[in-house]
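# Commentary on secondary and tertiary structure
Chain by chain, the residues run as shown.
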Protein chains: 2
Amino acid sequence: MIELAAAIVTLAEEAPKILLVRSEAGQRASLPCGPFDPAGHRTLEEGLRTWVREQTDLHLGYVEQLYTFGDRFRDPTERVGGPRPVSVGYLALVRQTAVKNAGKGPAETAWGDWYRYFPWEDWREGPPAILDALIAPGLEAWIAENADKTERQRRRERVNLAFAIGGGAWDNEKVLDRYELLYEAGLVFEAAFDREHIEIRRAEIGRAAEPNLKSGAALIKDHRRIMATAMGRLRAKIKYRPVIFELMAPTFTLLQLQRAVEALSGGRLHKQNFRRLVAHEGLVEPTGQMSGATGGRPAELFRFRREVVHERPAPGVRAPVRVRRQAR
Amino acid sequence: MIELAAAIVTLAEEAPKILLVRSEAGQRASLPCGPFDPAGHRTLEEGLRTWVREQTDLHLGYVEQLYTFGDRFRDPTERVGGPRPVSVGYLALVRQTAVKNAGKGPAETAWGDWYRYFPWEDWREGPPAILDALIAPGLEAWIAENADKTERQRRRERVNLAFAIGGGAWDNEKVLDRYELLYEAGLVFEAAFDREHIEIRRAEIGRAAEPNLKSGAALIKDHRRIMATAMGRLRAKIKYRPVIFELMAPTFTLLQLQRAVEALSGGRLHKQNFRRLVAHEGLVEPTGQMSGATGGRPAELFRFRREVVHERPAPGVRAPVRVRRQAR
DNA sequence: CTATATATGCTCAAATTAAGTATAAGTCGT
DNA sequence: ACGACTTATACTTAATTTGAGCATATATAG
């Protein structure tokens with residue numbers, strides 16, 4: 001059986017949102033998903049669009065396949081020797097205006113804040129507190145718990161690479177690496193649920209807080225992993241493809257565009273250089289109209305220049321994301 | 001049923017090679033592949049490794065999932081209402097020394113030249129002749145054949161984008177776009193076989209030559225599409241990840257490294273700048289040993305610096321591939 | 001009118017890139 | 001041994017890109 005799952009992303013109030021389905025009250029939410037039907041669906045992608053339409057009333061525009069997950073026991077309720085569900089994960093982008101939230105019936109849909117599920121990924125206001133408060137000590141404990149020295153060495157290396165501890169720079173694309181590390185270390189709720197390890201971990205780091213909150217909100221099965229894959233892919237993609245405009249209104253100010261990129265990237269940009277970049281890359285063109293002032297000098301409204309796709313090999317917002325270094 | 005298929009790439013004599021399996025004499029070759037077995041395979045990737053080991057005696061190192069293909073009638077022998085095979089495509093890299101070619105039994109394996117299947121992708125000696133001789137006129141005919149003006153416009157735009165006709169620069173990563181365009185235009189053998197359209201096309205461009213040769217050698221089912229996906233991904237990846245070293249011997253000269261990058265990228269590099277790049281990126285370090293002279297001054301042998309992965313966010317061979325512009 | 005906020009133009013130094021020139025150190029044929 | 005040829009490697013130079021900041025313009029709030 002093949003399951004199709006979609007990470008549907010939009011932007012609202014300078015924050016990335018993801019569409020979630022909550023089947024029963026009190027249960028962990030899930031991504032919109034459903035089984036692939038070879039008889040009814042001409043292609044995998046068409047199957048996905050159909051499911052999303054049925055579950056959320058949304059008509060998807062930009063859709064991109066991410067990855068196919070087929071590991072044993074991804075769903076912890078899977079029985080030994082039983083059927084193995086394989087899921088194909090997708091990333092979809094929709095404009096905020098296109099949102100039609102069902103919010104009714106047994107499968108209630110709602111937009112969830114990306115960073116509620118990955119609080120350690122938002123560096124816009126500096127290093128997230130959760131890193132020092134929970135993640136760093138948790139990972140340290142995970143490294144130390146292993147008896148084998150070589151394995152400890154390997155764990156430390158992975159931690160340093162993914163979380164940029166000790167020299168390296170924070171790479172905002174390594175979303176999946178970080179999530180998988182936290183999962184292995186038992187620091188996300190899913191791992192606890194799946195492996196009943198979280199009690200041990202909590203004792204080790206001397207905290208009794210709710211892991212569901214401390215390490216981001218949990219989703220059903222491996223849906224948070226799919227979300228991490230989507231986030232990493234999207235962060236990489238905006239650098240060399242103008243996908244950001246899939247999330248923007250037809251016209252926008254340059255600051256709105258910058259805030260959108262920052263929301264996805266999880267860091268801050270240099271304003272003057274950003275505007276130079278998008279102008280020089282020919283990504284946008286002025287409309288001549290002015291925005292309703294937002295507390296300062298009114299800004300000019302721009303629109304996306306679709307032609308750039310034909311002019312440059314890799315048009316995208318390559319502006320380097322500034323991330324304030326962690327003081328450790 | 002889920003099929004696992006691998007595009008296994010190596011380098012030999014300055015040419016990229018791909019591992020192919022020929023089941024019966026006279027038949028089109030296929031990629032090493034086999035069905036996913038949920039009972040026996042713990043993960044999809046493990047399933048793939050097992051199949052490759054069985055079919056080719058190869059133990060894969062670097063493996064990366066590419067894409068999952070599930071369109072109806074990818075296999076033209078699929079019956080309406082019958083089972084739909086879904087295939088998960090993989091890219092694998094092996095060193096030439098690791099080759100153990102079975103070459104026996106019913107499933108004979110052999111290394112095939114990448115560019116035999118995609119002759120229009122090799123720009124190392126300038127624009128490939130096949131572009132002007134067959135592809136450009138064939139695509140022109142395909143554009144012209146449509147009655148609807150808007151559709152003709154759209155086709156021309158796609159052709160211009162993918163094949164860099166009229167202004168744009170040849171993008172060596174758009175391998176899949178180009179293949180799909182040729183398929184739609186009926187210019188590759190698979191399309192002819194699948195849709196019996198090639199006769200029409202051949203008449204239109206006034207040639208009676210064997211399409212199997214003219215537009216690259218064909219593979220079974222959609223395996224050439226998987227190969228195109230692999231090629232595009234690999235060309236993109238060497239720019240920001242040091243995967244090229246998966247294909248190099250433990251030590252190598254800088255020219256050997258350059259030739260390897262050129263073979264994959266399908267273009268030429270500026271020698272002095274290339275060596276400055278790899279040195280400055282810290283990708284390699286000198287061993288102190290010298291190579292056996294190859295007709296000139298002996299070159300120093302270098303080795304890959306594994307540590308670079310921890311030092312820089314995206315270490316790779318970002319040297320711009322020089323492609324001599326087409327004179328049109 | 002003043003403080004404040006945002007928008008936008010411009011400068012400047014540092015770093016990177018593209019394209020050479022120059023020179024070194026071998027092989028090969030005669 | 002000598003000259004032609006091949007490959008390796010160091011260095012130069014101009015153009016372009018990047019990172020950071022200054023200065024000024026135009027709005028709102030009180």
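In short, a report on the structure. Keep in mind it's a predicted model, so treat the numbers as computed, not measured.

### A few points about the packing of helix 3 (residues 129-145) of chain B against helix 4 (residues 149-163) of chain B
Residues and elements named next belong to chain B.
- Remark: helix 3 packs on helix 4, axes separated minimally by 8 Å, with the N-to-C direction vectors making an angle of 155°. Comparing their axes, helix 4 and helix 3 come out roughly antiparallel. For the pair helix 3 and helix 4, the sense of crossing is right-handed. Two secondary-structure elements touch here, helix 3 through Leu131, Ile135, Leu139, Glu140, Trp142, Ile143, Ala144 and Glu145 and helix 4 through Arg152, Arg155, Arg156, Arg158, Val159 and Phe163.
- Across the contact of helix 3 with helix 4, the residue classes tally to eight nonpolar, no polar and six charged.

### Considerations on the relation of the copies chain B and chain A
- Expressed as a screw operation, the relation of chain B to chain A combines 0.0 Å of axial shift with a rotation of 180°, fitting to an RMSD of 0.0 Å. Each copy turns onto its partner about a two-fold axis.
- A shared binding surface is used by both copies, with 100% of the interface residues of chain B retained as interface residues in chain A.

### Quick look at the interface of chain B and chain A
- Taken together, the 27 residues of chain B in the interface contact 27 residues of chain A.
- Between chain B and chain A, roughly 2300 Å² of surface is buried when both sides are summed, and carbon and sulfur atoms account for 53% of that area.
- It is B:Gln65, B:Arg84 and B:His310 that lose the most area in chain B upon contact with chain A, and together they represent 21% of the buried surface on that side.
- For the interface between chain B and chain A, the tally reads zero salt bridges.
- For the interface between chain B and chain A, the tally reads nine residue pairs in polar contact (both at pLDDT 80 or more).
- Mapped by element, the contributors of at least two residues to the side of chain B that touches chain A are strand 4 (62-69), strand 5 (86-93), helix 4 and helix 12 (308-311) of chain B.

Calculation rules
- Residues numbered from 1 in each chain as written.
- Chains lettered and ligands numbered in written order.
- Predicted model: local features only at pLDDT ≥ 70, side-chain atom pairs only at ≥ 80, totals over all residues.
- Heavy atoms only, no water.
- Axes fitted to C-alpha atoms, helices over the stretch in contact; angles between N-to-C directions.
- Helix = DSSP H or I, 4+ residues; strand = E, 2+ residues; numbered from the N terminus.
- Parallel < 35°, antiparallel > 145°, perpendicular 65-115°, else oblique.
- Left-handed = near helix turned anticlockwise from the far one by under 90°.
- Contact = heavy atoms within 4.5 Å.
- Nonpolar A, V, L, I, M, F, W, Y, C, P; charged D, E, K, R; others polar.
- Least-squares fit on C-alpha atoms with pLDDT ≥ 70 in both.
- Buried area = accessible area lost by both parts, 1.4 Å probe.
- Salt bridge = Lys/Arg side-chain N within 4 Å of Asp/Glu carboxyl O.
- Polar contact = N/O pair within 3.5 Å; in protein donor to acceptor, adjacent residues only side chain to side chain.

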